[in-house]
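Examination of the molecular architecture
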Amino acid sequence: MNELHSHKCNRRALAATAVLACVTLLGAASAIAQRGTMSPNQDERDGVSAGGKWTEFESEDKMTGAKRVRFELLADNYFREDPNYPPRVELFCENDKLKLADFNPGVRLPPPNRPGFWGQPQLEVMVRIDDTHGNHGWNWVRGHFLSMDKGTTRGLIGAQVFTVELPTRSGRQIAEFSPAGLDLDRVRKACDLTPKKPSKD
């Protein structure tokens, strides 16, 4: 009888321990969710949701005091070379103005394949924004990312579908994004940027 009682007590103790562990894990997950996405950049505050799949990060220039805001959107897929680092779009804003919008494929880019208007190196990509698509020459920056034009950026922030097809060292690949849900008022205030549907012409 004593052995049976002891066995039941042990089972109760194990169940209580399991419940306590679950509560602790849930609490930790909740705390992480409330803090937001950790920033990979020094001196940048952890990110908060900017609506949909977008994340907003803030920082301040220590010398000038300039307010900086970065909006990031990760792709729904990844390129063959690196399944752990999906392509991403980033909008960099400073003192309430858009400074740069870039596309980072997450893999090393091939060499540029065309010159820009001023002779700067560019890579030609095909872009789809909802029901329109076309070729764009984006400035090639150190083989790591492409600087997007403002027209594409304005189309992107108001779109439901955004895809970028580009040549890579493994052949042509497509980055697929779901930009819907972005808080456009936040972007307008931080970047002085509003959406504009691209022309079908």
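Residues numbered from 1 in each chain as written. Predicted model: local features only at pLDDT ≥ 70, side-chain atom pairs only at ≥ 80, totals over all residues. Heavy atoms only, no water.

A closer look at the overall build of the protein chain
Along the protein chain, the regular secondary structure elements total three helices and eleven strands. Secondary structure of the protein chain in N-to-C order comes out as α-β-β-β-β-β-β-β-β-β-α-β-β-α. A total of 201 residues make up the protein chain; the buried ones form 36% of that total. Accessible area for the protein chain stands at about 12,400 Å²; split by element, carbon and sulfur atoms hold 54% of it. (Helix = DSSP H or I, 4+ residues; strand = E, 2+ residues; numbered from the N terminus. Buried < 20%, exposed > 50% of the residue type's maximum accessible area, 1.4 Å probe, protein only. Areas by Shrake-Rupley, 256 points an atom, 1.4 Å probe, with all protein chains shown as cover.)

Regarding the packing of aromatic side chains
With the rule as written, the count across this model stands at four aromatic pairs. With 6.3 Å between their ring centres and 75° between their planes, F103 and F177 make a pair best called edge-to-face. Here F103, found in strand β5 (residues 97-104), pairs with F177, found in strand β11 (residues 171-177); they are 74 residues apart in sequence, far enough to count as distant. Pair check on accessibility: F103 and F177 agree, each one buried. Ring plane angle 90° and centroid distance 4.9 Å describe the contact between F117 and W118, whose orientation is recorded as edge-to-face. Taking the relative accessible area as the measure of exposure, F117 reaches 72% and is therefore exposed. We classify W118 as exposed; its relative accessible area is 76%. One aromatic cluster is present, formed by F103, W138, F162 and F177 through successive ring pairs. Lying over the aromatic face of F57, R70 brings its terminal NZ or CZ to 4.1 Å of the ring centre. Over the aromatic face of Y85 sits the side chain of R88, whose NZ or CZ is 3.7 Å from the ring centroid. (Phe/Tyr/Trp six-rings, centres within 6.5 Å; stacked < 30°, edge-to-face > 60°. Lys NZ or Arg CZ within 6 Å of the ring centre and 35° of its normal.)

So, the environment of F103
Overall, the relative accessible area of 0% leaves F103 in the buried class. If sequence neighbours within four positions are ignored, F103 has contacts with P87, R88, V89, W138, F145, L146, M148, V164, L166, A175 and F177. (Contact = heavy atoms within 4.5 Å.)

Topic: the state of the cysteines
By the definition in use, this model includes one disulfide. A sulfur-sulfur separation of 1.9 Å characterises the disulfide bridge that pairs C93 with C191. The sign of the 90° torsion about the S-S bond sets the C93-C191 disulfide as right-handed. Taken together, the residues span a long stretch of sequence, with C93 in strand β4 (residues 88-94) and C191 in helix α3 (residues 184-191) at a distance of 98 residues. The class for C93 is buried, based on a relative accessible area of 3%. (Disulfide = S-S within 2.5 Å.)

Brief notes about the side chain of N77
Here N77 is to be found in the loop between β3 (67-74) and β4. Within the local environment of N77, its side chain forms a polar contact with the backbone oxygen of I174, the two atoms lying 2.8 Å apart. A polar contact of 2.9 Å, which involves the side chain of N77, links it to the backbone nitrogen of E176. If we ignore the near neighbours within four places in the chain, the residues touching N77 are P86, P87, I174, A175 and E176. (Polar contact = N/O pair within 3.5 Å; in protein donor to acceptor, adjacent residues only side chain to side chain.)

Describing the side chain of N104
Take N104: it is sitting in strand β5. Looking at N104, its side chain comes within polar contact range of the side chain of Y85, at 3.5 Å. Filtering out sequence-adjacent residues up to four positions away, N104 remains in contact with Y85, P87, R88, H144 and F145.

What to know about the pattern of salt bridges
Across all of its chains, the model carries 13 salt bridges by this definition. Here E94 makes a salt bridge to R68, at a shortest N to O gap of 3.1 Å. With E94 in strand β4 and R68 in strand β3, this pair connects stretches of sequence that are 26 residues apart. What makes E94 partly exposed here is its relative accessible area of 21%. Taking the shortest distance from any N to any O, the salt bridge between D192 and K97 comes out at 2.8 Å. Linking D192 in the segment after α3 with K97 in strand β5, this pair joins segments that are 95 residues apart in sequence. D192 sits in the partly exposed class, given a relative accessible area of 43%. Of the residues examined, K97 reaches a relative accessible area of 47% and is grouped as partly exposed. Where salt bridges share partners, they join D61, R68, E94 and K99 into one cluster. (Salt bridge = Lys/Arg side-chain N within 4 Å of Asp/Glu carboxyl O.)

So far we have only geometry, and geometry alone does not tell us how the molecule works.
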